[in-house]
Amino acid sequence: MIIGYVSTDEKSVTLKLEGRVDATNATLLSEELEKLRKEHPQGNLTLDVEKLTYISSAGLRSLLKQQKQEQEKLKLINASAAVAEIFEVTGFDSLMDVKKAYEQVSVEGLELIGQGANGKVYRMDPERIIKVYQPDAALEDIERERELAQKAFLKGINTAITYNIAKCGDCFGVIFELLNAKSLSETIVANPQNYDRYAKEYVEVYKSFHTTQVEKGEFPAVKDIYHGYIDGCRDWYTQEELCKLRKLVDSIPDRNTLIHGDYHARNIMVVEGELMMIDMGDVSMGHPMFDFLATAATQANLVDLNPEYAPIHTGMPVEYIKRLWNDLLKLYFADKSAEEVAAIDKQIRNYTKLKVALAPVVGRGAGEEIIRASVQDAKDNLIPIIDDLIGTINW
């Protein structure tokens, strides 16, 4: 057994273990852990076991002895399948936080089937895809998207079955099951004769989110997410402008329904003729307006703001973007008159400038020119009318 210190800070103390831990050196492990804790009493204790090949019952008892001295669970990271199985079979995985080593995946030569601000989606094989996040994406955010996708699936939302997190060079990715899938945008363009059918199903999936009731705390509150976005835009707006943006967010009625957060045709896959959601990192709870303003930001508003970039982002020509947006409103609000739908359309287009205003955070992959244009659009066309928008949502 080889023991080496990896890192220490106020939040964690990490120790690396290599080789075998058995009856011949389990006592040494206990002594080293005790010594480490005397020198570094603060922070969670993490064991990096990437190169640990075996641990016996004596080694497990050494860890259990240390666990009893800790306020939180010991963390074991990068465990091989064989080592993780030892903890699972003995039940120690319920006493300690055991994380398996990430599968290594190369995207070289893989088909790129989708791309957004947060990352790229590649087909791994006929049954799986992998969403690879930007290099600066936080692992905890990636783990949260994986968890949200699983929760939404269990709530009855037709989303892809989620597998493990993988390592792709300097990036992380999440592996999903998708059988012979193509994006809805790609499918519509390739099969225009089936447009009406897909438009109807597109709206039905939209409604499936907004008719799913969730408990407080079960999913993130969308208003909290938006306040976080606003905090990230501090360098782009004055304090007065930031306060107005927060005021607009808080004025939208509360609702305990599910929201996708980035609903558009490129985030929907067609699997054996059935629509299936992907990109579940923004799933939250709140009023459907938050979904509509996000959808409009990538459809109606994007076409007006930058008609050349819109097809690149959505994967559809401008005429299809406009058509799908109009059909969404018409079918979603089928119980309302044409005049009422037109008024809602205008209202959403105003509110969508809230998402556009947050481009420095939510549109990082769009490029500096588009981000600056988005911020200026918000300064010119949203912030001056915020007081007029408050209290106007009645659906």
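Further up the page is the structure itself.
As the structure is a prediction and not an experimental result, all values here were calculated from the model. Throughout, residues of each chain are indexed from 1 in the direction in which the sequence is written. Residue-level local features of this predicted model are given only where pLDDT is at least 70; pairs of side-chain atoms are given and counted only at 80 or more, and the full residue set underlies all totals for whole chains, interfaces and linings. Excluded from the side-chain calculation are hydrogens and water; included are all heavy atoms of the structure.

Enquirer: Residues and numbers for the packing of helix 6 (residues 195–210) against helix 12 (residues 318–332), please.
Expert: For the pair helix 6 and helix 12, the least separation of the axes is 10 Å and the interaxial angle reads 55 degrees. With respect to helix 12, the axis of helix 6 lies oblique. In the packing of helix 6 onto helix 12, the handedness of the crossing is right-handed. Of the residues in helix 12, those touching helix 6 at Tyr195, Asp196, Ala199, Lys200, Tyr202, Val203, Tyr206, Lys207 and His210 are Tyr320, Arg323, Leu324, Asp327, Leu328, Leu331 and Tyr332. The convention used is that axes are lines fitted to C-alpha atoms, helices contributing only their stretch in contact, and that angles between N-to-C directions extend from 0 to 180 degrees. Strands are runs of DSSP state E lasting at least two residues, helices are runs of H or I lasting at least four, and both sets are numbered from the N terminus onward. Our angle categories are set so that under 35 degrees counts as roughly parallel, over 145 as roughly antiparallel, 65 to 115 as roughly perpendicular, and the remainder as oblique. Handedness of each helix crossing follows the sense of rotation of the near helix against the far helix: counterclockwise by less than a right angle gives left-handed, clockwise gives right-handed. Residue contacts are counted whenever heavy atoms from the two residues lie within 4.5 Å of one another.

Enquirer: Tell me about the side chain of lysine 223, residues and numbers included.
Expert: If you trace the backbone, lysine 223 turns up in helix 7 (residues 222–231). Summary of the burial criterion: residues with accessible area below 20% of their type's maximum are buried, those above 50% are exposed, and those between are partly exposed, where the area comes from a 1.4 Å probe applied to protein chains only. Lysine 223 gets classed as buried once you look at its relative accessible area, which sits at 13%. Polar side-chain contacts of lysine 223 include one of 2.6 Å to the backbone oxygen of isoleucine 252. Two N or O atoms count as a polar contact when they lie within 3.5 Å, although within protein this holds only if one can serve as hydrogen donor and the other as acceptor, and sequence-adjacent residues are included solely when both atoms are side-chain atoms. Within the local environment of lysine 223, its side chain forms a polar contact with the side chain of aspartate 254, the two groups lying 2.9 Å apart. Dropping the residues within four chain positions of it, lysine 223 is found in contact with Val249, Asp250, Ile252, Pro253, Asp254 and Phe290.

Enquirer: Could you give an account of the pattern of salt bridges, naming the residues involved and the relevant values?
Expert: Salt bridges are counted wherever a side-chain nitrogen of Lys or Arg sits within 4 Å of a carboxyl oxygen of Asp or Glu. The tally for this structure, following the rule as stated, stands at 24 salt bridges. Lysine 155 serves as the salt-bridge partner of glutamate 218, at 3.1 Å between the closest nitrogen and oxygen. Of this pair, glutamate 218 sits in the loop between helix 6 and helix 7 while lysine 155 sits in the loop between helix 4 (139–154) and strand 10 (161–168); the two residues are 63 residues apart in sequence, bridging distant segments of the chain. Under the relative-accessibility criterion, lysine 155 is labelled partly exposed at 31%. Between aspartate 231 and arginine 246 there is a salt bridge, with the nearest N and O atoms lying 2.8 Å from each other.

Enquirer: I'd like a description of the pairing of strand 14 (residues 268–271), backed by residues and values.
Expert: Within a regular strand, the side chains alternate between the two sheet faces. Residues Ile268 and Val270 point to one face of strand 14 and Met269 and Val271 to the other, with burial holding for every one of them. DSSP bridges decide pairing: two strands pair if at least two such bridges lie between them. Where strand 12 (residues 182–183) meets strand 14, two bridges bridge the pair, whose relative direction is antiparallel. Following the sheet pairing, lysine 182 is matched in strand 14 by valine 270. Judged from the four bridges that link them, strand 14 and strand 15 (residues 274–277) form a sheet pairing that is antiparallel. Opposite isoleucine 268, over in strand 15, you have methionine 277 as the bridge partner.

Enquirer: Pulling in residues and values, what's your account of the sheet that holds strand 7 (residues 111–115)?
Expert: With respect to topology, six strands assemble into an open sheet ordered 6-10-11-9-8-7, the strand pairing being mixed. The open sheet has two edge strands with one neighbour each: strand 6 (103–104) and strand 7. The strands that helix 4 touches are strand 9 (128–133), strand 10 and strand 11 (171–177); relative to strand 10, the one it contacts most, it runs at about 165 degrees.

Enquirer: Mind laying out the packing of aromatic side chains, listing which residues take part and the relevant values?
Expert: The geometry of an aromatic ring pair is captured by two quantities: the separation of the ring centres and the angle between the planes. Side-chain rings of Phe, Tyr and Trp, where Trp is taken by its six-membered ring, are said to pair if the distance between their centres is within 6.5 Å; with planes under 30 degrees apart they count as stacked, over 60 as edge-to-face, and otherwise as tilted. Under the criterion given, the structure shown has 16 aromatic pairs. With 5.0 Å between their ring centres and 85 degrees between their planes, tyrosine 206 and phenylalanine 292 make a pair best called edge-to-face. Taken together, the residues span a long stretch of sequence, with tyrosine 206 in helix 6 and phenylalanine 292 in helix 9 (residues 289–298) at a distance of 86 residues. For the pair tyrosine 206 and phenylalanine 292, one class covers both residues: buried. Judged by centre distance (6.4 Å) and plane angle (80 degrees), the ring pair of phenylalanine 209 and tyrosine 263 falls under edge-to-face. Taken together, the residues phenylalanine 209 in helix 6 and tyrosine 263 in the loop between strand 13 (257–259) and strand 14 connect sequence positions 54 residues apart. Site record: aromatic cluster; members linked through ring pairs are Tyr202, Tyr206, Phe209, Tyr263, Phe292, Tyr332, Phe333 and Trp395. Any Lys NZ or Arg CZ found within 6 Å of a ring centre and within 35 degrees of that ring's normal is scored as a charge over the ring. Directly above the ring of phenylalanine 172 sits lysine 167, whose terminal nitrogen or CZ lies 4.9 Å from the centroid. The positively charged end of lysine 207 is found above the aromatic ring belonging to tyrosine 332, 5.7 Å away from the centroid.

Enquirer: Which residues make up the environment of alanine 373, and what values go with them?
Expert: Summarising the element assignment, alanine 373 is placed in helix 15 (residues 368–381). Each C-alpha atom of the pair alanine 373 and leucine 305 lies 8.2 Å from the other, and the pair is 68 residues apart in sequence.

Enquirer: Describe empty space enclosed by the protein, listing the residues and the values that go with them.
Expert: Over the atoms, a rolled probe matching the size of one water molecule traces out where space is still vacant. Every definition here rests on a 1 Å grid over the protein atoms only: cavities are sets of points where a 1.4 Å probe fits but cannot get out, pockets are open sets enclosed by protein on both sides within 12 Å along at least five of seven lines, and lining residues have some atom within 4 Å of a point. Grid points are joined across faces, edges and corners, and a volume is the space filled by probe spheres set on the points. In the structure shown here, the tally under the stated rule is one cavity of 30 Å³ or more. For the largest cavity, the calculated volume is near 70 Å³. What lines the largest cavity is simply Val222, Ile225, Tyr226, Tyr229, Ile259, Gly261, Asp282, Ser284, Phe290 and Lys355. A per-element tally of the lining of the largest cavity places helix 7 first, with four residues.

Enquirer: So what's going on with the pairing of strand 5 (residues 97–100)? Which residues, and what values?
Expert: Both strand 4 (residues 75–79) and strand 5 contribute to a ladder of three bridges, which runs parallel. Considered in strand 5, the bridge of lysine 75 is made with aspartate 97. Taken together, strand 4, helix 3 (residues 81–90) and strand 5 constitute a β-α-β crossover, and its handedness is right-handed. Note on handedness: a clockwise path from strand one over the helix to strand two, with the strands aimed away from the viewer, defines a right-handed crossover.

Enquirer: Describe the side chain of threonine 314, listing the residues and the values that go with them.
Expert: Inspection of the secondary structure assignment puts threonine 314 in helix 11 (residues 309–314). Reaching out from threonine 314, the side chain makes a polar contact with the backbone oxygen of alanine 310 at a distance of 2.9 Å. Residues in contact with threonine 314, not counting those within four places in the same chain, are Ser185, Arg266, Thr298 and Ile321.

Enquirer: With reference to specific residues and values, describe helix 9.
Expert: It helps to recall that an α-helix has 3.6 residues per turn; residues three or four apart then point in one direction. Counting buried residues along helix 9, ten of its ten residues qualify, which places the element largely inside the surrounding structure. Considered for burial, the residues of helix 9 that qualify are Met289, Phe290, Asp291, Phe292, Leu293, Ala294, Thr295, Ala296, Ala297 and Thr298.

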